[in-house]
Amino acid sequence: MSTAIRLLVLWLTATLLLGACERNDPVHHGRFLAFGTLTDISIAGVARQQAESAIEALESDFAIMHKAWHAWAPGPLSRTNNLLAEGVRFAAPPSVLKLMQVSGQLAQQSDNLFNPAIGRLVKLWGFQQDTMENQRPPDSAAIAKLLKANPTMNDINIDGIHVQGSNPAVQLDFGAIGKGYGIDLAIEHLKEMGIQNAIVNSGGDLRAIGSRNGHPWRIAIRNPSGSGTLGFLHISGDESIFTSGDYERNYLWQGKRYHHIIDPRTGYPAEGARSVTVVHDNATVADAAATALFVAGSGNWHRIARQMGIQYVLLIDSNSVVHMNPAMEKRIQLMDESLPVEISSPLIDPEQEPK
Ligand code: ADP
Ligand code: MG
């Protein structure tokens, strides 16, 4: 065979193989860093070029959101925090205003277990930093002082686009909701770009729309250790799955591990849960709820989930007991069937439980 013919045969084989791949697996993937974690985009049902330009658009969306809601780098949120502490009336930056409004409602529904006004506490514990090296728990007197000041979203008066803080201890930290809200905006943007079947997955927290070419999306739920898979869920339509866990950001001090989800009632890292997974149609609510239910722990998650309108919860407590509501149990396939499981009463009235 001449070199030219050999090249032609090679080219034809490669083209045919590519074509076959695209027919069998027409899901396009893109990956970039966002909110300090890897974000994976999967898109089905459109041509590769359309998927690629959508992924590029999302990458720049996420870069803007990351800047807008960064809790400790200078930007719209830090400016807002300075003005809230001063107690002056000011026009809030649009990117922060919407999150403040949504957060206020979710904080109220969660009895302030989700409380994004506790930025000072989060900072005091050393979790507003890029690295967890050389961290140690703060002085108990400093924690007590912030607890006494009791910053909540109720200390922010929102009047149209104007806001005013009435408690200098309030500092917003959207670490427990920003990713969810960002994923909701990303899904809206995908829909505007004509994409109906996709997953936006940021470090294991995700929202999926549509299907994988007619088949439900199959989603892996992380183990509470942060590595490996606890189980699988199928989703089709439009749903979000969010997990909050003590493995995400933490440090060791004198043999004890301190993690980044703070119980606003005690001022210390929340105890009793190792991870909480929430399924909800909206990523913003799923994100805030996963954090709130983590703080609520095995004794209170059910009540708070009902208040927040959550229909699917899985909580692993510190003794590794898996707590679920019946609708969640019906949906999830656990990898390890020998895990101790405790099924709660239904979260919604039995007639309304999804089949
Ligand atoms: P992840 O998705 O990283 O596991 P979460 O969604 O639970 O975490 O958010 C944890 C982050 O939220 C913390 O790093 C901190 O910035 C902030 N935070 C900590 N405790 C609370 C709380 N009780 N309410 C609201 N935000 C919190
Ligand atoms: Mg959260």
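Residues numbered from 1 in each chain as written. Chains lettered and ligands numbered in written order. Predicted model: local features only at pLDDT ≥ 70, side-chain atom pairs only at ≥ 80, totals over all residues. Heavy atoms only, no water.

Participant: Give a detailed account of the sheet that holds strand 9 (residues 229-235), specifying residues and quantitative values.
Facilitator: Here 3 strands make up an open sheet; going across it, the order is 8-9-16 and the pairing antiparallel. Sheet topology places strand 8 (217-222) and strand 16 (333-334) at the edges, where each strand pairs with a single neighbour. Direction of pairing for strand 9 relative to strand 16: antiparallel, over a ladder of 2 bridges. Across the sheet, phenylalanine 232 pairs through a bridge with glutamine 333, a residue of strand 16. (Pairing = 2+ DSSP bridges. Helix = DSSP H or I, 4+ residues; strand = E, 2+ residues; numbered from the N terminus.)

Participant: Tell me what's going on with the domain arrangement of the chain, and back it up with residues and numbers.
Facilitator: Interfaces are often described in size by the accessible area the parts lose on coming together. Here the chain is described as being made up of domain 1 (76-172) and domain 2 (216-352). Using only C-alpha atoms to locate each centre, domain 1 and domain 2 end up separated by 24 Å. Across the contact, 23 residues belong to domain 1 and 25 residues belong to domain 2. Summing both sides of the interface, domain 1 and domain 2 together bury roughly 2200 Å²; the carbon and sulfur share of this comes to 71%. For domain 1, the biggest contributors to the area lost against domain 2 are Leu113, Trp125 and Phe127; these three give 33% of the whole. Where domain 1 touches domain 2, the interface holds 1 salt bridge. For aspartate 111, the salt bridge identified is with arginine 303, shortest N-O distance 2.9 Å. Between the two partners, domain 1 and domain 2, sit 8 residue pairs in polar contact (both at pLDDT 80 or more). At the level of secondary structure, the elements contributing two or more residues to the side of domain 1 that touches domain 2 comprise helix 4 (94-109), helix 5 (119-124) and helix 6 (140-149). Residues of the side of domain 1 that touches domain 2, tallied by class, amount to 13 nonpolar, 7 polar and 3 charged. (Domains from an automatic or database assignment. Contact = heavy atoms within 4.5 Å. Buried area = accessible area lost by both parts, 1.4 Å probe. Salt bridge = Lys/Arg side-chain N within 4 Å of Asp/Glu carboxyl O. Polar contact = N/O pair within 3.5 Å; in protein donor to acceptor, adjacent residues only side chain to side chain. Nonpolar A, V, L, I, M, F, W, Y, C, P; charged D, E, K, R; others polar.)

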